[in-house]
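Residues per chain are reported as follows:
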Amino acid sequence: MCIRDRYQRRVRGGTLLSFLCFQPSPMILLESNNRIIEELFTEFRNKAANAKANGEEFKRQPIDVVFSDFDGVQFHVSTPNQDNFGIVNLSIRWRCYPALKKHGAEEALKKHYGNFLQSSPEPNYDVTLQIDVDAATDPSLPQSLAAIKRNLFAAPFDKAFDNLGSTDLYEIDYRDNEELYIKPGADSVTVIFSIHFEDAGDAVFAKVFLQEFADARKSMNNVPAVRYSQKDPPEELKNVQSAQRLEHFVSFVLFKGHFDAKHRENTISTIQTFRNYLQYHIKCSKAFMHQCMRLRVDSFIQVLNRAKIEQGEKEKKTAAGKTFVRK
């Protein structure tokens, strides 16, 4: 079996099944929540609880942490009140926030975070949540805060799912040189990712990978229709000016069964990670290819070593049986 066939078999066997069926699989799919936020707030809350349980005196320390996430997102966790370090700000900056806000992101944040949402965000950030950690009693608060990016990005999907039959096209400029398009249909919603590859080699890997996505529906049931196209935009983007400069497109057609009340949240969490999921598996595939090539080179070296002619002077014997070395 050639390397390409082994790679395609590996793709069909694991990654496609988990993604296209929108099934959670932590070994393959990426988390939609931010692990750093979850761990920060969990530790921040547990320190006080543990000290209280042990009857120890506890004094909070200030925190000021800036970190990044996929898609160019930047977070800032800080304690702005010097008199009360139990009050913590969580701020997020994302280039596409104006587009998300246009499609209901602010309403989604109010729904999820209520009074935590500040009317005036921190300077240089788009959204700020302020949490009194000592007063908050919800045990799932760290997980909820860690999903702030996911909840922001979910807004245009929710809007599209709730407006079937609309002729609107939602355009989200969420990455450098890349766009996300969401278009409601009569009984489905089409989600189109435009993809830009800095490395030409990545485009080759992606072509094989994405073609498997497009062909997967022939052997899998209840999965979205997937189309992969190069250079020419999909029919839905024929008259969209921003799409004309883009080269690679992946279209997912989601049907009502994918975004009914039972499956909606999981579908949104999964599909919005597709771009990072693709990049992750391109890197894994390159590592897999390199491993196969190194094994093949090692086997060639072994063959060459066995074929080497032994060097050195050999003893020779005369007719009388005496040995001598020719000089």
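To be clear, the structure that these remarks concern was listed above.
Residues numbered from 1 in each chain as written. Predicted model: local features only at pLDDT ≥ 70, side-chain atom pairs only at ≥ 80, totals over all residues. Heavy atoms only, no water.

Caption draft 1: Structural view of the overall build of the protein. Secondary structure summary: the protein contains 9 helices and 11 strands in total. Across the 327 residues of the protein, 44% fall into the buried class. When contacts within the protein are restricted to residue pairs at least 6 apart in sequence, long-range pairs at least 24 apart make up 62% of them. Counting only carbon and sulfur atoms, one obtains 49% of the accessible surface of the protein, whose full area is about 18,800 Å². (Helix = DSSP H or I, 4+ residues; strand = E, 2+ residues; numbered from the N terminus. Buried < 20%, exposed > 50% of the residue type's maximum accessible area, 1.4 Å probe, protein only. Contact = heavy atoms within 4.5 Å. Areas by Shrake-Rupley, 256 points an atom, 1.4 Å probe, with all protein chains shown as cover.)

Caption draft 2: Just helix H6 (residues 148–161), in detail. With 14 residues, H6 should cover 20 Å at 1.5 Å per step; its first-to-last C-alpha distance of 20 Å lies within 8% of that length. Of all 14 residues in H6, 12 are buried, a share of seventy percent or more. For H6, the full list of buried residues reads Ile148, Lys149, Arg150, Asn151, Leu152, Phe153, Ala154, Ala155, Pro156, Phe157, Ala160 and Phe161. (Expected span 1.5 Å × (residues − 1).)

Caption draft 3: Up close: the sheet that holds strand E3 (residues 87–93). Taken in spatial order, the 4 strands make up an open sheet running E1-E2-E3-E4, and their pairing is antiparallel. Where the open sheet ends on each side, the last strands, each with one partner, are strand E1 (64–69) and strand E4 (127–132). Across the sheet, the mean angle from the axis of one strand to that of its neighbour is 15°, orientation sign disregarded. Of the pairings in the sheet, the one linking E1 to strand E2 (residues 73–78) comprises 6 bridges and is antiparallel in character. Note on E2: the bridge partner recorded for Val66 is His76. (Pairing = 2+ DSSP bridges. Axes fitted to C-alpha atoms, helices over the stretch in contact; angles between N-to-C directions.)

Caption draft 4: Main features of helix H4 (residues 105–113). Within the sequence span of H4, burial applies to Ala105, Ala108, Leu109 and Tyr113. When H4 is viewed along its axis, its buried side chains cluster within an angular range of 105° and face the same direction. Among the exposed residues of H4, those oriented more than 90 degrees off its buried face are Glu107 and Lys111. For H4, the elements touching its buried residues are helix H3 (97–102), E4, helix H5 (141–146) and H6. One or two positions beyond H4, positive phi appears at Gly114, with a value near 55°. (Arc of directions from axis to C-beta.)

Caption draft 5: Representation of the environment of Asn222 within the structure. As for its placement among the helices and strands, Asn222 is situated in the loop between helix H7 (200–216) and strand E8 (225–230). Judged by its relative accessible area of 71%, Asn222 is exposed. Along the sequence, Asn222 and Gly257 sit 35 residues apart, while their C-alpha atoms lie 8.3 Å from each other.

Caption draft 6: Up close: the sheet that holds strand E7 (residues 188–195). Spatial strand order, E5-E6-E7-E9-E8: 5 strands in an open sheet with antiparallel pairing. Pairing within the sheet leaves two strands with one partner each, and these edge strands are strand E5 (170–175) and E8. Strand-to-strand twist of the sheet, defined as the mean angle between neighbouring strand axes without regard to direction, takes the value 15°.

Caption draft 7: Spotlight on the packing of H4 against H6. Direction vectors running N to C along H4 and H6 enclose 135°, while the axes themselves pass 8 Å from each other. Taken together, the axis directions place H4 and H6 in an arrangement best described as oblique. In this structure, H4 meets H6 at a crossing whose hand is right-handed. When H4 is examined against H6, the residues Ala105, Ala108, Leu109, His112 and Tyr113 are found in contact with a partner set consisting of Ile148, Asn151, Leu152 and Ala155. Class assignment for the residues of the contact of H4 with H6 results in 7 nonpolar, 2 polar and no charged. (Parallel < 35°, antiparallel > 145°, perpendicular 65-115°, else oblique. Left-handed = near helix turned anticlockwise from the far one by under 90°. Nonpolar A, V, L, I, M, F, W, Y, C, P; charged D, E, K, R; others polar.)

Caption draft 8: Inspection of the pattern of salt bridges at higher detail. Scanning all chains against the criterion turns up 16 salt bridges. Between Glu265 and Arg150 there is a salt bridge whose closest N-O contact spans 2.7 Å. One end of the pair, Glu265, is in helix H8 (residues 264–271); the other, Arg150, is in helix H6, and 115 residues separate them in sequence. A residue is classified by how much of its surface remains accessible, and Glu265, at 40% relative accessible area, is partly exposed. (Salt bridge = Lys/Arg side-chain N within 4 Å of Asp/Glu carboxyl O.)

Caption draft 9: View of the environment of Gln211. Secondary-structure assignment places Gln211 in helix H7. Spatially, the C-alpha atoms of Gln211 and Tyr228 are 6.5 Å apart, while their sequence positions differ by 17 residues. Beyond its immediate chain neighbours, meaning those up to four positions away, Gln211 contacts Ala206 and Tyr228.

Caption draft 10: Region of the structure containing the side chain of Asn89. With respect to the helices and strands, the residue Asn89 is situated in strand E3. For Asn89, a relative accessible area of 10% puts it in the buried group. Side-chain polar atoms of Asn89 contact the side chain of Gln130, separated by 2.9 Å. Residues within four places of Asn89 in sequence aside, it is in contact with His76, Val77, Ser78, Pro80, Thr128, Leu129 and Gln130. (Polar contact = N/O pair within 3.5 Å; in protein donor to acceptor, adjacent residues only side chain to side chain.)

Everything listed here is a matter of coordinates, which is why it stays silent on function.
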